[in-house]
Amino acid sequence: MNRIDPKEAILNDHANATIAVRKNESPAGAYPRPEHDRSSLSRESLKRAFLDHLLYTQGKSLDIASKNDLYQSLAHTVRDRLVPSWFDTAATYQKRNARTVAYLSAEFLMGPYLGNNLLSLGVSHEIRLAMSELGLDLDELLRQEEEPGLGNGGLGRLAACFIESLATLEVPAIGYGIRYEYGIFYQTIMDGWQVENTDAWLRYGNPWEIQHAEWAVQVKLGGHTEQYTDDSGRFRVRWVPEKTVAGVPFDTPIPGYRVGTTNTLRLWRAEATESFDFHVFNRGDYLGAVSKKVTSENLSKVLYPNDESRQGKELRLEQQYFFVSCSLQDMLRLQQQRGQAITSFHKSFAIQLNDTHPAIGVAELMRLLVDEHLVPWERAWDITRQTFAYTNHTLLPEALERWPLELFRRVLPRHLEIIYEINARFLNEARIHFFGDETRIARLSLIDESGERYVRMAHLACVGSHAINGVANLHSELLKRDLLKDFYAMWPEKFQSMTNGVTPRRWVALSNPRLTKLVTRCIGDEWIKDWSLISNIEPYADDPSFGGEWRAIKRANKVDLAAVILRKTGIRVDPDSMFDVQVKRIHEYKRQHLSALHIAALYHRLKSQRNLDIVPRTFIFGGKAAPGYARAKLMIKLITAIGDVINNDPDVRDRLKVVFLPNYSVTLGQWVYPAAELSEQISLAGKEASGTGNMKFAMNGALTIGTMDGANIEIREEVGEDQFFLFGLTAEEVYALRREGYRPQEHLARDPELASVLDLIRSGFFSRGDSELFAPLLDDLLHHDPYMLLADYSSYAACQTRVDDAYRDTQGWTRMSVLNTARTGKFSSDRAIREYCERIWKAHAVPVEKMYAR
Ligand SMILES: *Cc1c(COP(=O)(O)O)cnc(C)c1O
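The notes below deal with the structure included here. This one's a predicted model, so the numbers in the text were calculated from it and none came from an experiment.

1. Brief notes about the overall build of the chain
(1) Moving on: The secondary structure content of the chain amounts to 34 helices and 25 strands.
(2) Moving on: Over its C-alpha atoms the chain spans a radius of gyration of 28 Å, differing by no more than 12% from the 29 Å that the globule rule assigns to 854 residues.
(3) Moving on: Within the chain, one finds 104 positive and 111 negative side-chain charges whose respective centroids are separated by 2 Å.

Following this line, the structure appears as structure tokens:
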């Protein structure tokens, strides 16, 4: 029989892995150090390694190499230099049986690796010289990298900042996710509209990952369950799946900044299982086998582009289950490999659920423990709850994930049974808490039975976790008050607030080298590891020569961004105008159209008063709209339409410019945040959970115009209210207004300028006479306006006038800009990760023992 049992193959591999690991336990001397060291950081060795990779990995010589060949060779050269510490890190964790944070996220928006890895290794300078001695420009090679767009926006980027901080803080951690073949779509703008193109980021190969076929796992899907009594007389449930797919891990090294730690990002790719193929082969159905193979591989084919809104798509549920099951099986393998009992799993791993996308993990861990490892239910439940913690990311009820019950049963029949059991036990507990209150019991249930029946993933996450957190203080309070109030009433001790943060390595040291140089000259370079030290630049806020350098840096960054804008849009912008920026996903709640209305109003003012003195501004927008979100796409068209008119009107074009930068991404962000002067954070209060873009702007010295929403509140608190342009309703006022009945037209009646702007848009002035084009947007504002643009408009416009006045005072603005940067110490993801480690994960730094690395 030529049929290979994949399970057996995997078991054999496990055995091999164990032998290899035994060797690792011996002292460093037992390591076979390579004869000629492949990982030295000297310039000569870097050059040698680069040329070797060009020849032996890419098969090229310098004179015929493409830019991609050169980039790949450099990337491999750098990866080689991460391997020793990567290896030491794994060996240290294994040996010390270190408590490990497993960060489960369906998205990791990593950004380009090369620059960050050079920074972490501390070899940027040597590499630059090595390349230049070969006649190559490092910056050009850096630009060659295609970033892995494995996320939609803030949530995926948060995961990326967090795993970087975990490594820098030397905390044992592993990021688990999906290796999508196609990341978030590539956005182009045609005739002012968003057009989506596939993102084939793997086209030219990914030099950073290492595939580990020997750690592949099997994942079941569909089918039915059977009850039976096993040989020892135990009641058991068997899941007979409709199909099985293999999950193959691809590992990427995540080095900490200037430490011995290199953690792992482990992303799973779906493949057809061999047994499955052979089964069909044996019936002679070759093409059938191939087509099934393709179906299996669809599981990790594409990232779903819809954040903040449910889809109810079967493939999406399969994707979520796929990566969660792979990851849990992987952790159980590690647990056994470390010689630890399955029942102490919760002591070895702290699993964080980044939103509800991986929440199915609660049921899956129960299944693995109870069905496969024969752990009694109560014990398994105890382990599960002590293992998981859940981060909520949204207050928008329409964004809460729920799966139609029938779909769920079709894909995960065994998990539905387990969820029913969890629910029955949970509701018993709830009935004791809320005696006689059956409406509350119905609200708490894991199953929504109010109409068509659904499985509520946020409820599963809350019930199966020992900690639940929001991502900014306001957000956490609103969770307790509204969205999760019944859970809060039952378990107040589970609720925490963990304000988000971003990594100062990528978002300052790497993307703003000029600022890095100035700050380092003044206060040393320790701030790169400890961003709270940035407060030491505060005394320079009133130093005129420092202020002059500060302004020169901002101007140089603006010149750089202007070149990017010219290249991507053909629009020439003036680096001496104010750069007013709103970059983020396009969404009604984020209110890019509020800014668009104000720009149209400025234009209207300038046309009616020719000599009006306003500060020249360049309005820069960027962001993707979900492909199925028509209203968001129309918002893009509104911005580009207003831009087309303004940019081509000789009366105003030296004073106003409007740019829509296509395909906003981490790569673009690294140009945008350092060049911004005004950061637009104008969501309706109570809608933005935290925001992290707001932090990147402030760290780079932009001032914020913003509402009392998400982390804006905390940024304002830190930088001081005089350094923040506040406008708009508070969350409380939004609630009050909604309670008493919001009538947008009343606000319109009080603001004639706003009324004339809406009329101008409706007249077709910005749409070549097409008065229908923007009607859906305008009608909605007049009759519903769920995000209360009309209520906030006057306050916003008045605040923008204050911004103008402040900008005219060059020294005053510079001072405010310095103070913004100096007072953002709190917003490093290092601070956030320390809080998670102390309050949720109970995880500690485990410095890596150097064996391979020097
Ligand atoms: C930081 C970041 C975001 C999140 O921005 P918000 O303004 O917080 O919504 C989205 N996309 C990219 C590429 C980012 O770097």
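Read on, since the account is not over.
2. Some remarks on the sheet that holds strand β25 (residues 724-726)
(1) Moving on: Judged by pairing direction, the sheet is parallel, and its six strands sit side by side in the order β22-β21-β20-β23-β24-β25 without closing on themselves. At either margin of the open sheet sits one strand with a lone partner, and together these are β22 (656-661) and β25. On average, adjacent strands in this sheet sit at an angle of 20° to one another, irrespective of strand direction.
(2) Moving on: Sheet topology places strand β20 (residues 578-583) next to strand β21 (residues 617-622); six bridges connect them, and they run parallel. Of the residues in β21, the one forming a bridge with Val581 is Ile620.
(3) Moving on: Against the sheet, helix α22 (residues 544-569) touches β20, β21 and β22, its axis set at about 65° to β22.
(4) Moving on: Strands β20, β21, β23 (678-681), β24 (703-706) and β25 of the sheet are contacted by helix α32 (residues 789-808), whose axis makes an angle of about 155° with β25.

3. Looking at helix α5 (residues 124-133)
(1) Moving on: Among the residues of α5, Ile127, Ala130 and Met131 are the ones counted as buried. All buried residues of α5 lie within an arc of 95° about the axis, which places them on one face of the element.
(2) Moving on: Next to the buried residues of α5 lie α2 (43-57), α3 (67-96), α4 (114-121) and α6 (138-143).
(3) Moving on: With its phi angle positive at about 80°, Gly135 sits one or two positions after the end of α5.

4. Structural notes on helix α34 (residues 829-841)
(1) Moving on: Taking 1.5 Å of rise per residue, the 13 residues of α34 would be expected to cover 18 Å, yet its terminal C-alpha atoms sit only 15 Å apart, more than 12% below that figure.
(2) Moving on: Burial in α34 covers these residues: Ser829, Asp830, Arg831, Ala832, Ile833, Tyr836, Cys837, Ile840 and Trp841.
(3) Moving on: At the N-terminal boundary of α34, the capping side chain belongs to Ser828, with an oxygen 3.0 Å from the backbone nitrogen of Asp830.
(4) Moving on: Once α34 finishes, Lys842 follows within two positions and takes phi at roughly 50°, a positive value.

5. Things to note about the packing of α22 against helix α25 (residues 666-675)
(1) Moving on: Running from N to C, α22 and α25 cross one another at 140°; their axes reach a closest spacing of 8 Å. Looking at the two axes, α22 sits oblique to α25. Our pair here, α22 against α25, has a crossing hand that is left-handed. Counting all contacts with α22, which are made through Lys554, Asn557, Lys558, Asp560, Leu561, Val564 and Lys568, the residues of α25 involved are Leu668, Trp671, Val672, Tyr673, Pro674 and Ala675.
(2) Moving on: Grouping the amino acids of the contact of α22 with α25 by side-chain chemistry returns eight nonpolar, one polar and four charged.

6. Let's talk about the packing of aromatic side chains
(1) Moving on: Summed over all chains, the structure comprises 23 aromatic pairs.
(2) Moving on: Pairing Phe426 with Phe487 gives two aromatic rings, centres 6.0 Å apart and planes at 5°, and the pair type is stacked. Of the two residues, Phe426 is situated in helix α15 (residues 413-433) and Phe487 in helix α19 (residues 485-490); the sequence distance between them amounts to 61 residues. The pair Phe426 / Phe487 is uniform in exposure class, with both members buried.
(3) Moving on: The ring of Phe250 has Arg179 lying over it, and the distance from NZ or CZ to the ring centre is 3.9 Å.
(4) Moving on: Positioned above the aromatic ring of Trp491, the side-chain terminus of Lys494 is 3.6 Å from the ring centre.

7. Re the pairing of strand β12 (residues 262-272)
(1) Moving on: Most of β12 sits out of view: nine of its 11 residues are buried.
(2) Moving on: Summarising the sheet, strand β4 (residues 173-178) and β12 pair through five bridges and their orientation is parallel. Bridge pairing in β12 links Ile178 to Trp268.
(3) Moving on: Examined bridge by bridge, strand β11 (residues 243-255) and β12 share 11 bridges and lie antiparallel to one another. For Asp251, the partnering residue across the bridge sits in β12 and is Arg266.
(4) Moving on: Counted along the chain from β11 to the antiparallel partner β12, the turn is six residues long, and its residue Arg258 has a positive phi close to 50°.

8. Regarding the site of the ligand
(1) Moving on: Around the ligand there are 15 residues in total, and Lys584, Lys590, Thr692, Gly693 and Lys696 lie nearest to it.
(2) Moving on: Between the ligand and the protein, one listed contact pairs an oxygen atom with a backbone N or O atom of Gly693 at 2.9 Å.
(3) Moving on: The separation between an oxygen atom of the ligand and a polar side-chain atom of Lys696 is 2.6 Å.
(4) Moving on: Summarising the interface, the protein chains cover 95% of the accessible area of the ligand, which totals 390 Å² for the free molecule.
(5) Moving on: Of all the elements in the fold, those that place two or more residues in the shell around the ligand are α7 (154-168), α25 and α26 (693-699).
(6) Moving on: The class makeup of the residues in the shell around the ligand is five nonpolar, six polar and four charged.

9. Observations regarding the side chain of Glu297
(1) Moving on: Checked against the element boundaries, Glu297 lands in helix α9 (residues 286-297).
(2) Moving on: Every residue in contact with Glu297, bar those within four places of it in the chain, is listed here: Arg269, Ala270, Glu271 and Ala272.

10. A word on the sheet that holds strand β15 (residues 402-404)
(1) Moving on: Spatial strand order, β15-β17-β16: three strands in an open sheet with antiparallel pairing. Where the open sheet ends on each side, the last strands, each with one partner, are β15 and β16 (447-448).
(2) Moving on: Note: β15 against strand β17 (residues 454-456), three bridges, orientation antiparallel. Within β17, the position partnered with Trp403 by the bridge is Val455.

11. Here's the deal with the environment of Asn694
(1) Moving on: When you line up the elements, Asn694 lands in helix α26.
(2) Moving on: According to the relative accessible area criterion, Asn694 is buried, its value standing at 1%.
(3) Moving on: Spatially, the C-alpha atoms of Asn694 and Asp792 are 19 Å apart, while their sequence positions differ by 98 residues.
(4) Moving on: The contact partners of Asn694, leaving out residues within four places of it in the chain, are Ser679, Gln681, Ala711, Asn712 and Ile715.
(5) Moving on: Here Ser690 takes part through its backbone oxygen, which lies 3.2 Å from a polar atom of the side chain of Asn694.
(6) Moving on: Only 3.3 Å separates the side chain of Asn694 from the backbone nitrogen of Thr692, close enough to count as a polar contact.

12. A few points about the environment of Leu566
(1) Moving on: Summarising the element assignment, Leu566 is placed in helix α22.
(2) Moving on: You can call Leu566 partly exposed: its relative accessible area is 32%.
(3) Moving on: Along the backbone, Leu566 and Ala359 are 207 residues apart, and their C-alpha atoms lie at a distance of 44 Å.
(4) Moving on: Apart from residues lying up to four places away in sequence, Leu566 is in contact with Ile571 and Arg572.

13. Focus: a nonpolar patch on the surface
(1) Moving on: Where nonpolar side chains cluster on the molecular surface, the patch consists of Tyr286, Leu287, Val290 and Val294 and spans about 400 Å² of accessible area.
(2) Moving on: Within the fold, Val294 resides in helix α9.

14. Remarks on the pattern of salt bridges
(1) Moving on: One pass over the full model with this rule turns up 66 salt bridges.
(2) Moving on: In this structure, Glu849 engages Lys95 in a salt bridge whose closest nitrogen and oxygen atoms are separated by 2.8 Å. Pair noted here: Glu849 is in the segment after α34 and Lys95 is in helix α3, with a separation of 754 residues, a long-range link.
(3) Moving on: Glu849 sits in the partly exposed class, given a relative accessible area of 26%.
(4) Moving on: Here Arg591 and Asp792 are joined by a salt bridge, their closest N and O atoms 2.8 Å apart. With Arg591 in the loop between β20 and α23 (592-608) and Asp792 in helix α32, the pair connects residues that are 201 residues apart, well separated along the chain.
(5) Moving on: Taking the relative accessible area as the measure of exposure, Arg591 reaches 0% and is therefore buried.

15. Focus on the nonpolar core
(1) Moving on: Judged by nonpolar contacts, the single largest core of 210 residues is most densely connected at Phe408, Ile422, Phe725 and Trp841.
(2) Moving on: If we skip the residues at most four places from it in the chain, Phe408 touches Leu317, Ile360, Trp403, Pro413, His415, Leu416, Ile419, Val455 and Met457.
(3) Moving on: Val564, Leu661, Ala676 and Ala822 belong to the second largest nonpolar core, which has 53 residues in total.

The rules behind these values
Residues numbered from 1 in each chain as written. Predicted model: local features only at pLDDT ≥ 70, side-chain atom pairs only at ≥ 80, totals over all residues. Heavy atoms only, no water. Helix = DSSP H or I, 4+ residues; strand = E, 2+ residues; numbered from the N terminus. Rg over C-alpha atoms; globule rule 2.2 N^0.38 Å. Lys, Arg positive; Asp, Glu negative; His and termini not counted. Charge placed at Lys NZ, Arg CZ, Asp CG, Glu CD. Pairing = 2+ DSSP bridges. Axes fitted to C-alpha atoms, helices over the stretch in contact; angles between N-to-C directions. Contact = heavy atoms within 4.5 Å. Buried < 20%, exposed > 50% of the residue type's maximum accessible area, 1.4 Å probe, protein only. Arc of directions from axis to C-beta. Expected span 1.5 Å × (residues − 1). Polar contact = N/O pair within 3.5 Å; in protein donor to acceptor, adjacent residues only side chain to side chain. Parallel < 35°, antiparallel > 145°, perpendicular 65-115°, else oblique. Left-handed = near helix turned anticlockwise from the far one by under 90°. Nonpolar A, V, L, I, M, F, W, Y, C, P; charged D, E, K, R; others polar. Phe/Tyr/Trp six-rings, centres within 6.5 Å; stacked < 30°, edge-to-face > 60°. Lys NZ or Arg CZ within 6 Å of the ring centre and 35° of its normal. Near = heavy atom within 4 Å. Areas by Shrake-Rupley, 256 points an atom, 1.4 Å probe, with all protein chains shown as cover. Patch = residues over 30% accessible without salt bridge, like charges linked within 9 Å, V, L, I, M, F, W, Y side chains within 5 Å. Salt bridge = Lys/Arg side-chain N within 4 Å of Asp/Glu carboxyl O. Core = buried A, V, L, I, M, F, W, Y, C linked by side-chain atoms within 4.5 Å.

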